[in-house]
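Here are the chains, one letter per residue:
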Amino acid sequence: MKGDVIDIDSIYTTIMEMGEWVSSDNYSGRIVKISNAFVFKGLIKNYSMDFPFVWDELNILITCGSDTELAKTLMLNTANEFLSDYTEKSKAKWQQMVAHYYIEDATIEPTIAMNLTDNWIQLNLRYITDYKRRRNTKQTLFQHIEKAISNTNGKVTLASTTLQLLEVPPLNVKLKK
């Protein structure tokens, strides 16, 4: 069960549910009351209390013949341009987290990891965003990256699952009359 807390009283905590049949971190529309006794029995995941940002990832698949350095540059430039406000706002909050909790001083700026698969090259963009705008941020990033890739005149091409049929050798068929 996950959602935004909208009320807390002495017996129940009320949340606006997220998930279930709705993808991503979107509201389902159900309001759920949870007994406060549950707090002592299970995990509590809080997106906003100490650090109102989350890391998210966007995978871009490109063909093996693509210019990977150009693709990485396009993705990082797009992410840095679009997310600079989020990144700057989160740096001070992250330093407070590092000082308060025993955690590593993780990278806040967008990063790219590359993975070679059987079919394509996967570029994984990791970035920080406002927890309430995660889906919108991913959508906007993808649109900008896709546009930048389409402007490379084929130097970078998006990959998809393909099926290659082998050529059948020519057959010489003779029919008897």
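These figures come from a predicted structure and were not determined experimentally. (Residues numbered from 1 in each chain as written. Predicted model: local features only at pLDDT ≥ 70, side-chain atom pairs only at ≥ 80, totals over all residues. Heavy atoms only, no water.)

**Q** Residue-level account of helix H2 (residues 134-150), with values.
**A** The first and last C-alpha atoms of H2 sit 24 Å apart over 17 residues, in line with the 24 Å expected at 1.5 Å per residue. For H2, the set of buried residues is Thr137, Thr140, Leu141, Ile145, Ala148 and Ile149. Take H2 and look down its axis: the buried residues cluster within an arc of 165°, on one side only. Of the surrounding elements, those touching the buried residues of H2 are strand E4 (53-62), helix H1 (68-100) and strand E6 (121-130). (Helix = DSSP H or I, 4+ residues; strand = E, 2+ residues; numbered from the N terminus. Expected span 1.5 Å × (residues − 1). Buried < 20%, exposed > 50% of the residue type's maximum accessible area, 1.4 Å probe, protein only. Arc of directions from axis to C-beta. Contact = heavy atoms within 4.5 Å.)

**Q** Explain the sheet that holds strand E3 (residues 27-35) residue by residue, including any values.
**A** The sheet built from three strands is open, its strands ordered E1-E2-E3 with antiparallel pairing. Of all strands in the sheet, those bounded by a partner on one side alone are strand E1 (2-8) and E3. If you compare each strand with its neighbour and ignore which way they point, the axes differ by 30° on average. Here six bridges tie strand E2 (residues 12-18) to E3, and the two strands are oriented antiparallel to one another. From the neighbouring strand, Ile15 faces E3, where its bridge partner is Val32. (Pairing = 2+ DSSP bridges. Axes fitted to C-alpha atoms, helices over the stretch in contact; angles between N-to-C directions.)

**Q** I'd like a description of the pattern of salt bridges, backed by residues and values.
**A** Two side chains with opposite charge may pair up if their charged atoms get near one another. If you walk through the whole model with that rule in mind, you get eight salt bridges. The partner of Glu17 in a salt bridge is Arg30, and the shortest N-O contact between them spans 2.7 Å. Residue Glu17 is located in strand E2, and its partner Arg30 is located in strand E3; the two are separated by 13 residues in the primary sequence. With a relative accessible area of 36%, Arg30 lands in the partly exposed category. Glu88 is the salt-bridge partner of Lys91, the closest N and O atoms lying 3.3 Å from each other. Here the residue Lys91 and the residue Glu88 both occupy positions in helix H1, the gap between them amounting to three residues, near one helical turn. Among the residues examined, Lys91 registers a relative accessible area of 29% and is labelled partly exposed. The network of salt bridges with shared partners includes Asp56, Arg134 and Lys138. (Salt bridge = Lys/Arg side-chain N within 4 Å of Asp/Glu carboxyl O.)

**Q** Please provide a residue-by-residue account of unusual backbone geometry, values included.
**A** One non-glycine residue, Asn153, lies in positive phi territory at about 55°. By the element assignment, Asn153 lies in the segment after H2. Classification of Asn153 as exposed rests on a relative accessible area of 74%.

**Q** Tell me about the packing of aromatic side chains, residues and numbers included.
**A** Applying the stated rule across the entire model yields one aromatic pair. Residues Trp55 and Trp94 carry aromatic rings whose centres are separated by 5.1 Å and whose planes lie at 85° to one another, so their mutual orientation is edge-to-face. Placement of Trp55 in strand E4 and of Trp94 in helix H1 is noted, with a sequence separation of 39 residues between them. Looking at Trp55, the relative accessible area reads 23%, which means it is partly exposed. (Phe/Tyr/Trp six-rings, centres within 6.5 Å; stacked < 30°, edge-to-face > 60°.)

**Q** Before we move on, can you summarise H1 with the specific residues and values?
**A** Taking 1.5 Å per residue, 33 residues should reach 48 Å; H1 reaches only 39 Å between its end C-alpha atoms and comes up short. Of all the bends in H1, the greatest measures close to 70° and is centred on Leu83. When H1 is considered as a whole, its buried residues turn out to be Thr68, Ala71, Leu74, Met75, Thr78, Ala79, Leu83, Tyr86, Thr87, Ser90, Trp94 and Met97. Against the buried residues of H1 lie E4, strand E5 (111-116), E6 and H2. For H1, the side-chain oxygen to backbone nitrogen distance between the N-cap and Glu69 is 3.3 Å, and the N-cap itself is Asp67. (Bend = angle between axes of the 7 residues up to and from the residue. Polar contact = N/O pair within 3.5 Å; in protein donor to acceptor, adjacent residues only side chain to side chain.)

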